[in-house]
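So you can see what is in the structure, the chains are spelled out below.
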Amino acid sequence: MKNIKDFVITKHLISVLNDAGFDAFVVGGAVRDMILGMTPSDFDIVTDAPIETIKNLFPFPCHGKITQRFLIHAFKFEGAIFEIASFRDEGSIENRNDAPKPGNAQTDVLRRDFTCNSIMWNPLTDEILDPLDGIQDIHDKILRTTRDADIVFAEDPVRIFRAIRFQRKLGFSFFGFEITNEMIRDAMASQNADRCRNEIAKITKLPAGICRKGEQQ
């Protein structure tokens, strides 16, 4: 693994949380990429530790605009940025710009976009939490939303372009939804237009000819 240094640090951060009596997992794209035999670009951590406890265990200056309000502590360590988040529950909020409530592993996976990004893994104990069958979806090469697709995309239109990027990068097929021109137009007209453009830039940087299953969509 080219990113072995960050992975070793991630394991240490998880061990600190475990030693303090808390569950902690790598989550998201890093787990997905390792299942696919790809090198993760970064490692995000989720835990049942409260945000104040996380900050006490890792008393580093908060990096960037991510704040305690969103139950995330991001900090720079050994030249890399690490994010540790408390389990969150967004089931009762209407706008993703609103602060989430503390939650548990089940509520945390439901706030994510696709099942392939909802898998939690503790590299120290090899414990895996996969309540949405994301591993099977990865093996089947399908991109499935964690909840009703209309709700997932309405919460954050940027996810439309993430879906397109994952389809082209990973060769996954859309499952249970399709991306229409109308959806793309609405997303570009929303308050998330700048973030959408950032995702489009990532798509255009992908090598040509990656699309396989589902390319017609």
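Since this is a predicted model, take the numbers as computed values, not measurements. (Residues numbered from 1 in each chain as written. Predicted model: local features only at pLDDT ≥ 70, side-chain atom pairs only at ≥ 80, totals over all residues. Heavy atoms only, no water.)

A. Broad picture of the pairing of strand 4 (residues 80-86). For strand 4, the buried fraction is high: 5 of the 7 residues fall into the buried class. By the bridge criterion, 4 bridges tie strand 2 (residues 44-47) to strand 4 in an arrangement that is parallel. Bridged to Thr-47 within strand 4 is Ser-86. Between strand 3 (residues 72-77) and strand 4, which pair antiparallel in sequence order, lie 2 residues; one of them, Glu-78, sits at a positive phi of approximately 55°. (Buried < 20%, exposed > 50% of the residue type's maximum accessible area, 1.4 Å probe, protein only. Helix = DSSP H or I, 4+ residues; strand = E, 2+ residues; numbered from the N terminus. Pairing = 2+ DSSP bridges.)

B. Structural view of the packing of aromatic side chains. If you walk through the whole model with that rule in mind, you get 11 aromatic pairs. Measuring from centroid to centroid gives 5.5 Å for Phe-7 and Phe-43, while their planes differ by 40°, and the two rings are tilted. Separated by 36 residues along the polypeptide, Phe-7 in helix 1 (residues 4-19) and Phe-43 in the loop between helix 2 (29-35) and strand 2 bring together distant segments of the chain. Here Phe-43 falls in the buried class, since its relative accessible area comes to 2%. Aromatic side chains Phe-60 and Phe-75 sit 5.1 Å apart centroid to centroid with 25° between the ring planes, which places their arrangement in the stacked category. Highlighted residues: Phe-60 in the loop between helix 3 (51-57) and strand 3 and Phe-75 in strand 3, separated in sequence by 15 residues. Look at Phe-60 and you get partly exposed, because its relative accessible area is 30%. The exposure class of Phe-75 is buried, given its relative accessible area of 0%. Grouping aromatic residues by their ring pairs yields a cluster made of Phe-58, Phe-60, Phe-75, Phe-77 and Phe-82. (Phe/Tyr/Trp six-rings, centres within 6.5 Å; stacked < 30°, edge-to-face > 60°.)

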